[in-house]
Amino acid sequence: MIKAIMNGCNGKMGQVISAICKEDPQIEIVAGVDLYDGIKNDYPVFPNISVCDVKADVIIDFSNAKAVDDLLVYSVDKKIPVVLCTTGLSEEQMEQVKAASGQVAVLKSANMSLGINLLMQLLAQAATILAPAGFDMEIVEKHHNQKLDAPSGTALALADSMNDALGHVYEYKYDRSSERKKRDPHEIGISAVRGGSIVGEHEVIFAGLDEVIEFKHTAYSRSVFGKGAVEAAKFLAGKEAGFYDMQDAIRATMEQAD
Ligand SMILES: NC(=O)C1=CN([C@@H]2O[C@H](COP(=O)(O)OP(=O)(O)OC[C@H]3O[C@@H](n4cnc5c(N)ncnc54)[C@H](O)[C@@H]3O)[C@@H](O)[C@H]2O)C=CC1
Ligand SMILES: O=C(O)C1=N[C@H](C(=O)O)C[C@H](O)C1
């Protein structure tokens, strides 16, 4: 049985993961961490990860960007692999994540769903054909009104998958209201919509001359992220130091199924 610490256990995703693990005989949450203590869980909950003294094989993190610095220190110090799902990290924090992965296994993904991870591969392929043919690339993402970061980590990851495939020559454009000028062909526009209880929608538009191709992913429930994160935790427990992503976990799960 894999023993997991749930960082951000009393949040929306923390509670989804808790419910999934309760039904899974391969993984158990042995401790939680959260600033908010208003939920009763069947494991001990600590207000900060630095005071968590429960032994574990892996940490699953869905918390807040501000919590990630302490999380990385703890993970490196205790040599516990971490599945890092929190979005909105700064560039400095991304450097810290990379540095931590030199000492412990870190799996970072802005989106744990199978659909988005497949979409990244499809977009890389589409971009290499459509961008040189003059198609403009735009991303529109929609999320619930409680989300703190914008644009979503997923929108940035989708843009990165196209930009990586195109040799990193594209700039990301988040706002067109500050200047009056035509769209630069070497930009990827990213727009964020916030409202109600939308779980997560990502639409990628390739707009060419007289034709438009659109790719769209809709998450109808948070369990698509939760299931992916739990599979990622099972994959990462016991792994040697290194930087892993969701594609690594999906590949391993598919190889096991064969
Ligand atoms: N990678 C993925 O597939 C997904 C990533 N996310 C990301 O995960 C994060 C959490 O999302 P939600 O659960 O929807 O948010 P939420 O706001 O419902 O939950 C976050 C929880 O973290 C707690 N928290 C805040 N500071 C903390 C600290 N220093 N230590 C421990 N806990 C702390 C909060 O009290 C709260 O209970 C966000 O960054 C979100 O964008 C969300 C869904 C999917
Ligand atoms: O905050 C959320 O809810 C989500 N955040 C992630 C992101 O920023 O991409 C993933 C998912 O879309 C839900």
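Named according to an unreviewed UniProt entry, the protein chain is 4-hydroxy-tetrahydrodipicolinate reductase originating from Roseburia hominis. Its UniProt record gives the protein chain a comment under Function (unreviewed entry), which states: "Catalyzes the conversion of 4-hydroxy-tetrahydrodipicolinate (HTPA) to tetrahydrodipicolinate." Heading Pathway (unreviewed entry) of the UniProt record for the protein chain holds this comment: "Amino-acid biosynthesis; L-lysine biosynthesis via DAP pathway; (S)-tetrahydrodipicolinate from L-aspartate: step 4/4."

**Q** Describe the domain arrangement of the protein chain, with residues and values.
**A** Buried accessible area, meaning the area lost when the parts come together, often serves as the stated size of an interface. Along its sequence, the protein chain is carved into domain 1 (2-112 + 222-257) and domain 2 (114-219). One C-alpha centre belongs to domain 1, the other to domain 2; they are set 27 Å apart. At the junction of the two partners, domain 1 supplies 10 residues and domain 2 supplies 12 residues. Listed by contribution, the elements that provide at least two residues to the side of domain 1 that touches domain 2 are α6 (223-236) and α7 (246-257). A per-element tally of the side of domain 1 that touches domain 2 places α7 first, with 3 residues. Along the lines of polarity and charge, the residues of the side of domain 1 that touches domain 2 split into 4 nonpolar, 5 polar and 1 charged.

**Q** Lay out the pairing of strand β2 (residues 27-33) with the relevant residues and their values.
**A** Strand residues, when the strand is regular, have side chains that alternate between the two faces of the sheet. Buried residues dominate β2, accounting for 5 of its 7 residues. With 6 bridges joining them, strand β1 (residues 2-7) and β2 adopt parallel strand pairing. Of the residues in β2, the one forming a bridge with I5 is A31. Between β1 and its parallel partner β2, the chain crosses via helix α1 (residues 12-22), and the hand of that crossover is right-handed. Where β2 lies against strand β3 (residues 45-46), 2 bridges are found, and the strand directions are parallel. Residue pairing across strands places G32 opposite V45, the latter belonging to β3.

**Q** Give me the lowdown on the UniProt feature "domain: Dihydrodipicolinate reductase C-terminal" (unreviewed entry) in the protein chain, citing residues and values where you can.
**A** As recorded in UniProt, the feature "domain: Dihydrodipicolinate reductase C-terminal" (unreviewed entry) lies at residues 115-249. Taken end to end, residues 115-249 is 35% helix and 28% strand, and its first and last C-alpha atoms sit 14 Å apart.

**Q** Pulling in residues and values, what's your account of the site of ligand 1?
**A** Taken together, 26 residues lie around ligand 1, and G8, G11, M13, A67 and C85 are the ones closest in. When residues in the shell around ligand 1 are grouped by element, the largest group, 3 residues, is from α1. Of the residues belonging to the shell around ligand 1, the class tally is 10 nonpolar, 12 polar and 4 charged.

**Q** Now, about the sheet that holds strand β5 (residues 82-84): what can you tell me, with residues and values included?
**A** Whether parallel or antiparallel, the strands of a sheet pair through hydrogen bonds between backbone atoms. Taken in spatial order, the 7 strands of this open sheet run β3-β2-β1-β4-β5-β6-β12, and their pairing is parallel. Here the strands that pair on one side only, and so sit at the sheet edges, are β3 and β12 (242-244). Bridge analysis of β1 against strand β4 (residues 58-61) gives 4 bridges, and the strand direction is parallel. By the bridge assignment, I5 is partnered in β4 with I59.

**Q** A description of the pairing of β4 should follow, citing residues and the corresponding values.
**A** Across the two faces of β4 the burial is the same, with V58 and I60 and I59 and D61 all buried. Across 3 bridges, β4 lies against β5 in parallel orientation. From the neighbouring strand, D61 faces β5, where its bridge partner is L84. Note on the crossover from β4 through helix α2 (residues 68-78) to β5: the handedness is right-handed.

**Q** Could you give an account of the site of ligand 2, naming the residues involved and the relevant values?
**A** Taken together, T87, A110, N111, H143, K147, S152, G153, T154 and G200 make up the full set of residues near ligand 2. Of the residues that constitute the shell around ligand 2, the class distribution is 1 nonpolar, 7 polar and 1 charged. Summarising the domain contributions, the shell around ligand 2 has at least three residues from each of domain 1 (2-112 + 222-257) and domain 2 (114-219).

Rules and cut-offs
Residues numbered from 1 in each chain as written. Chains lettered and ligands numbered in written order. Predicted model: local features only at pLDDT ≥ 70, side-chain atom pairs only at ≥ 80, totals over all residues. UniProt positions renumbered as here; feature names shortened; annotations may be inferred. Domains from an automatic or database assignment. Contact = placed C-beta atoms within 7 Å. Helix = DSSP H or I, 4+ residues; strand = E, 2+ residues; numbered from the N terminus. Nonpolar A, V, L, I, M, F, W, Y, C, P; charged D, E, K, R; others polar. Buried ≥ 20, exposed ≤ 12 C-beta atoms within 10 Å, placed from the backbone. Pairing = 2+ DSSP bridges. Right-handed = clockwise from strand over helix to strand, strands pointing away. Near = placed C-beta within 6 Å.

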